[in-house]
Amino acid sequence: MKNFALIGAAGYIAPRHMRAIKDTGNRLSVAYDINDSVGIIDSISPQSEFFTEFERFYEHAHQLKRNPATALDYVAICSPNYLHHPHIAAGLRLGADVICEKPLVPTPELLDELALVEKETGRRVYNILQLRHHDAILKLREKVAAAPADRKFDVELTYITSRGKWYMESWKGDPRKSFGVATNIGVHFYDMLHFVFGQLQRNVVHYSGESKAAGYLEYERARVRWFLSIDANDLPDAVKGKKPTFRSIDISGEQLEFSEGFTELHTTSYREILAGRGYGLADARHCIETVNVIRTAQPVRGAAGEVHPFVARLA
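Thresholds applied
Residue numbers here run from 1 along each chain, matching the order of that chain's written sequence. Per-residue local features are limited, in this predicted model, to residues with pLDDT of at least 70; the limit for side-chain atom pairs, both in listing and counting, is 80 or more; totals at the level of whole chains, interfaces and linings are taken over all residues. Values reported for side chains reflect all heavy atoms of the structure, with hydrogen atoms and water molecules removed beforehand. Elements are defined by DSSP. Helices are runs of H or I of four residues or more, strands are runs of E of two residues or more, and each kind is numbered from the N terminus. Computation of the radius of gyration draws on C-alpha atoms alone. For the globule rule, the value is 2.2 Å times the number of residues to the power 0.38. Throughout, the Shrake-Rupley method with a 1.4 Å probe supplies accessible areas, and for residues the shown protein chains are the sole cover considered. Positive charges come from Lys and Arg alone, negative charges from Asp and Glu alone, with His and the N- and C-terminal ends not counted. For the purpose of locating charges, the reference atoms are NZ of Lys, CZ of Arg, CG of Asp and CD of Glu. Counted as salt bridges are all cases of a side-chain nitrogen of Lys or Arg within 4 Å of a carboxyl oxygen of Asp or Glu. The classification of residues rests on relative accessible area computed with a 1.4 Å probe and restricted to protein chains. Under 20% of the type maximum is buried, over 50% is exposed, and intermediate values are partly exposed. Axes here mean lines fitted to C-alpha atoms, for a helix over just the part in contact, with angles spanning 0 to 180 degrees between N-to-C directions. Note on angle classes: values under 35 degrees are labelled roughly parallel, values over 145 roughly antiparallel, values of 65 to 115 roughly perpendicular, and the remainder oblique. In a left-handed crossing the near helix is turned counterclockwise from the far helix by less than a right angle, and in a right-handed crossing that turn is clockwise. The contact criterion used is simple: two residues touch if any of their non-hydrogen atoms lie within 4.5 Å. Following DSSP output, two strands are said to pair if at least two bridges run between them. Any pair of nitrogen or oxygen atoms within 3.5 Å is treated as a polar contact; in protein, a donor-acceptor pairing is required on top of that, and neighbouring residues in sequence qualify only through side-chain atoms on both sides.

(A) Spatial organisation of the overall build of the chain. Per the secondary structure count, the chain includes 11 helices and 12 strands. For the chain, whose C-alpha radius of gyration is 20 Å, the value lies close to the compact-globule estimate of 20 Å for 315 residues. When its C-alpha atoms are laid out on the principal axes, the chain stretches across 65 × 45 × 35 Å. For the chain, the computed accessible surface area is about 14800 Å², with 48% contributed by carbon and sulfur atoms. One finds the centroid of the 39 positive side-chain charges in the chain at a distance of 2 Å from the centroid of its 39 negative side-chain charges.

Written as structure tokens, this is what we have:
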């Protein structure tokens, strides 16, 4: 049985980590969050210590190191995006391996910094890249691999997930903390595209705003027009007023259906990490490089056939 700590215990995604720790037969020893609305712990791991000050959490974790039976083996991180880097470094320096949500960090340079901390501590960082474990994605990857090597698939990715006014008031609406909408809600899609279609060859941004972004990505095996938004006004007419989310991945005229099968992917990710098959810094680099370019690029007028159809509605 391994000992886990959890940073960011009151966040949206934290319960999936708590359940993954429990379902893999391990112990959540201690949790931390500045918010004390963490009653979910009672149904998963009521014996866990809990702190609302990072200094007290860190000191407690240091004390646990004195006894091999209580020393932390892993620190799981679900904190806001801008805190991932310092929290990962802190977890490594506590002598634990680290499991962190996406995006790991905002820039390749911070990945390099974490690689140095890995060397200094002898511990490892793992990124939750759960779409790589989804059956539909794995089948698509096999299909692409089996296709003629010179074939490029035409992909249209649309993801609109409506968010209320609270979003822009929270850390997620602050680009200094979330790194923008394309990074915050899109990074796992960019990782999936790389995982399925290979190395990125072109990265062009056609639109960039606080609530939406769009562009074109060309991979070894695919040409991708993408559109991401948190604005309900962007929902197709057939969906408006009925569903808050619209997700479509069209691959050469065929819809990729992967709306089911998400609930267990964090547990699968944990099992793979515990078995020594987790995704580390090198695996995360591609999507970090992709979102770093998208975040800093100057939008341009797109070439014919490369612009997502929803962009025309923004003119």
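(B) Region of interest: the pattern of salt bridges. Under the definition given, this model contains 17 salt bridges. The shortest N-O distance in the salt bridge between Glu-120 and Arg-93 comes to 4.0 Å. Of this pair, Glu-120 sits in helix α5 (residues 108–121) while Arg-93 sits in helix α4 (residues 84–93), and the two are 27 residues apart along the sequence. With a relative accessible area of 59%, Glu-120 lands in the exposed category. In this structure, Asp-112 and Arg-285 form a salt bridge, with 2.7 Å as the shortest nitrogen-oxygen distance. Taken as a pair, Asp-112 in helix α5 and Arg-285 in helix α11 (residues 281–296) lie far apart in primary sequence, 173 residues in all. One salt-bridge network, in which partners are shared between bridges, spans Lys-152, Arg-202, Glu-218 and Glu-306.

(C) Fine view of the packing of α5 against α11. Packing of α5 against α11 leaves a shortest axis separation of 9 Å and a crossing angle of 160°. As judged from the angle between their axes, α5 and α11 are roughly antiparallel. Both α5 and α11 take part in a crossing whose hand is right-handed. Residue-level contacts link Pro-108, Leu-111, Asp-112, Leu-114, Ala-115 and Glu-118 of α5 to Leu-281, Ala-284, Arg-285, Ile-288, Glu-289 and Asn-292 of α11.

(D) Representation of the pairing of strand β7 (residues 153–161) within the structure. Taken across its nine residues, β7 has seven buried, putting it largely inside the fold. The pairing of β7 with strand β10 (residues 222–229) spans eight bridges and is classified as parallel. From the neighbouring strand, Tyr-159 faces β10, where its bridge partner is Leu-228. Of the pairings in the sheet, the one linking β7 to strand β11 (residues 245–251) comprises seven bridges and is antiparallel in character. When the bridges of β11 are listed, Thr-161 appears paired with Thr-245.

(E) Representation of the environment of Val-311 within the structure. With respect to the helices and strands, the residue Val-311 is situated in the segment after α11. On the basis of relative accessible area, Val-311 is assigned to the buried category, the value being 15%. Along the sequence, Val-311 and Gly-215 sit 96 residues apart, while their C-alpha atoms lie 8.9 Å from each other. Every residue in contact with Val-311, bar those within four places of it in the chain, is listed here: Ala-214 and Phe-227.

(F) How the structure looks around the environment of Ser-43. When you line up the elements, Ser-43 lands in helix α2 (residues 41–44). Considering only alpha carbons, one finds Ser-43 and Ile-21, 22 residues apart in sequence, at a separation of 13 Å. A polar contact is formed between the side chain of Ser-43 and the backbone oxygen of Ile-40, at a distance of 2.9 Å.

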